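Structural characterization, general
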Amino acid sequence: MFILFLSKFFILKTVAIFGSGNGSNAENIYNYFLSSSDVKIVFFCTNNKNAFIVNRAEKLNIPVLFTNKDHMRKNSGIQKELKNYKVDYIILAGFLLKIPNNIISLYPKKIINIHPSLLPKYGGKGMYGLNVHAAVLKNKELESGITIHFVNEYYDEGEIILQKKCFISKEETINSLDKKIRFLELSFFPKTIEKIIFS
Ligand code: GRF
């Protein structure tokens, strides 16, 4: 019993980060766990060969894997890589493809996404990046924020782990709101992942 309790804390947990764009969250999470002996980021994965996350992976000297819709569905595709690298947790940081059910069922409560709004508002298909902020401002919302949640088979509908709010000023623009949201993302995403891994 005692050994089981200890093993929860001392067995290395491996994490893969999926992203389709800039990769600022991916790099931030990578750096957060860099000196950790409990958590290791084993690869970045993207569906977009031209995304800046690829440059970041090269700079950080971490493997970057490429995937697409078909590759994610096949047992011989990304699923095989997740197995080869013994991945325990998948982090979605701006990953635009839907995670297929074959992967979701292998990782119950072990796939975590970040969304740049206060879900359930401004979630779902097409709601990503600056589109989200544009819709929030168009509706004259007084606040926005981030949502960190588990991923299930429906877009942006998995159980919410954490939300953090920011206020919207009268002069707010899409870019200024994006800065506020990014600040929240960089501040809260890595430590929330850590909490989940060790909860
Ligand atoms: C973030 O705003 C995140 O909330 C959303 O996509 C964006 C990714 O940004 N899901 P980056 O690629 O981490 O810079």
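Okay, so let's go over this structure. Source: prediction; values computed, not measured.

**Examining the pairing of strand β6 (residues 143–150)**
- Most of β6 sits inside the fold, with 7 of its 8 residues counted as buried.
- Bridge count for strand β5 (residues 111–115) against β6 is 4 bridges, and the pairing is antiparallel. Looking at β6, one finds that Ile112 is bridged to Phe150.
- The pairing of β6 with strand β7 (residues 160–167) spans 7 bridges and is antiparallel. Bridging across to β7, Ile146 finds its partner in Lys164.

**Some thoughts on the packing of helix α2 (residues 24–33) against helix α3 (residues 52–60)**
- Two elements in contact, α2 and α3, have axes whose closest approach is 9 Å; the angle formed by their N-to-C orientations is 25°. As summarised for this structure, α2 and α3 are arranged roughly parallel, according to the angle between their axes. For the crossing formed where α2 meets α3, the hand is right-handed. In this structure, α2 contributes Ser24, Ala26, Glu27, Tyr30 and Asn31 to the contact, and α3 contributes Ile53, Arg56, Lys59 and Leu60.

**A closer look at the packing of aromatic side chains**
- As enumerated under the stated definition, the model contains 5 aromatic pairs in all.
- With 5.2 Å between their ring centres and 85° between their planes, Phe18 and Phe95 make a pair best called edge-to-face. With Phe18 in strand β1 (residues 13–18) and Phe95 in the loop between β4 (89–92) and α6 (101–106), this residue pair connects regions lying 77 residues apart in the sequence. Exposure class is identical for Phe18 and Phe95. Each is buried.
- For the ring pair Tyr30 and Phe44, a centre distance of 6.3 Å and an interplane angle of 85° mean the geometry is edge-to-face. Of this pair, Tyr30 sits in helix α2 while Phe44 sits in strand β2 (residues 39–46); the two residues are 14 residues apart in sequence, bridging distant segments of the chain. Each member of the pair, Tyr30 as well as Phe44, is classed as buried.
- Among the aromatic residues, ring-to-ring pairing joins Phe18, Phe43, Tyr85 and Phe95 into one connected group.
- Its guanidinium or amino end placed over the ring of Phe66, Lys49 lies 5.2 Å from that ring's centre, counting from NZ or CZ.
- Here the basic side chain of Lys98 rests over the ring of Tyr155, its NZ or CZ set 6.0 Å away from the ring centre.

Conventions we followed
- Residues numbered from 1 in each chain as written.
- Predicted model: local features only at pLDDT ≥ 70, side-chain atom pairs only at ≥ 80, totals over all residues.
- Heavy atoms only, no water.
- Buried < 20%, exposed > 50% of the residue type's maximum accessible area, 1.4 Å probe, protein only.
- Helix = DSSP H or I, 4+ residues; strand = E, 2+ residues; numbered from the N terminus.
- Pairing = 2+ DSSP bridges.
- Axes fitted to C-alpha atoms, helices over the stretch in contact; angles between N-to-C directions.
- Parallel < 35°, antiparallel > 145°, perpendicular 65-115°, else oblique.
- Left-handed = near helix turned anticlockwise from the far one by under 90°.
- Contact = heavy atoms within 4.5 Å.
- Phe/Tyr/Trp six-rings, centres within 6.5 Å; stacked < 30°, edge-to-face > 60°.
- Lys NZ or Arg CZ within 6 Å of the ring centre and 35° of its normal.

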